[in-house]
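Listed below are the residues making up each chain.
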Amino acid sequence: MTITTEQFLARIRLNPVNHLLLEKLPALDLPQCMLTAGCLFQTVWNLKTGNDPEHGIKDYDIFYFDDHDLSWEAEDNVIRRGKALLGDLADKVDIKNQARVHLWYGEKFGKDFPAFECTEDGVDHYLISCTRLGVRVHDGSLYAPDYLDDMWHGILRMNPLNAQPELFARKCKQYQQRWPWLRVEPGASSEEAQ
């Protein structure tokens, strides 16, 4: 058995923070805005495990794409608008312009990325393939280039678009501490992740 797109979208909304974000974010009118990352798949893993849907979710990632102004000041303005809209919830939210990622990612993580051309490019570069998920804010549609089977079955594979074995191994270990039923696919990374 696996999970359908409709079931996935219904389950992620059982996390009240996801639900509220998907209701409020259209008011920011951000280009290519997407709710993405751990708040989605971790909500599903929590529900599957019998945990509260919000259990262990550190932040809620919001991606958008605006290549008209790549300055930090422009992105910070969007972040401030988000805080004004979201109130107390803003402390849990991380808003990032994917058009700017190539400007800072290499310095922070030690691997350069080419300039992205859309929000989906940012999602496509997550370390673990089954976590490449996003919900488009403007229409509620799901972006899932690897589909939902591996995510549902807890199979962790290194994303060939972002092959960083040490970071992959560390991330897998963090996830397995919270959800011990997850498994690293043999040959998916260095032996450190197995």
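Rules behind the numbers
- Residues numbered from 1 in each chain as written.
- Predicted model: local features only at pLDDT ≥ 70, side-chain atom pairs only at ≥ 80, totals over all residues.
- Heavy atoms only, no water.
- Pairing = 2+ DSSP bridges.
- Helix = DSSP H or I, 4+ residues; strand = E, 2+ residues; numbered from the N terminus.
- Contact = heavy atoms within 4.5 Å.
- Axes fitted to C-alpha atoms, helices over the stretch in contact; angles between N-to-C directions.
- Disulfide = S-S within 2.5 Å.
- Core = buried A, V, L, I, M, F, W, Y, C linked by side-chain atoms within 4.5 Å.
- Buried < 20%, exposed > 50% of the residue type's maximum accessible area, 1.4 Å probe, protein only.

Caption draft 1: Expanded view of the sheet that holds strand 5 (residues 142–143). In spatial order, the strands read 3-2-1-4-5; together these five strands make up an open sheet with mixed pairing. The sheet terminates laterally at strand 3 (93–97) and strand 5, the two strands that pair on one side only. When strand 1 (residues 34–36) meets strand 2 (residues 60–64), the two strands line up antiparallel, connected through three bridges. Paired with Thr 36 across the strands is Asp 61, a residue of strand 2. Helix 4 (residues 72–86) contacts strand 2 and strand 3 of the sheet and is inclined by roughly 150° relative to strand 3.

Caption draft 2: Quick peek at the state of the cysteines. The final tally for this structure, using the stated rule, is zero disulfides. You can see Cys 33 has no disulfide; the closest cysteine sulfur is in Cys 39, sitting 11 Å from it. The structure places no disulfide on Cys 172, whose sulfur is separated from the nearest cysteine sulfur, that of Cys 130, by 8.5 Å.

Caption draft 3: Structural detail: the nonpolar core. Counting 46 residues, the largest nonpolar core has Phe 8, Leu 21, Trp 45 and Met 151 as its most contacted members. Contributing elements (two or more residues each) for this core: helix 1 (5–12), helix 2 (16–24), helix 3 (38–49), strand 2, helix 4, strand 3, helix 7 (149–153) and helix 8 (165–178). Here this core gets five residues from one element, more than from any other, and that element is helix 3. Ignoring any residue separated from it by four or fewer positions in sequence, one finds Trp 45 in contact with Cys 130, Met 151, Leu 156, Tyr 175, Trp 179, Trp 181 and Leu 182.

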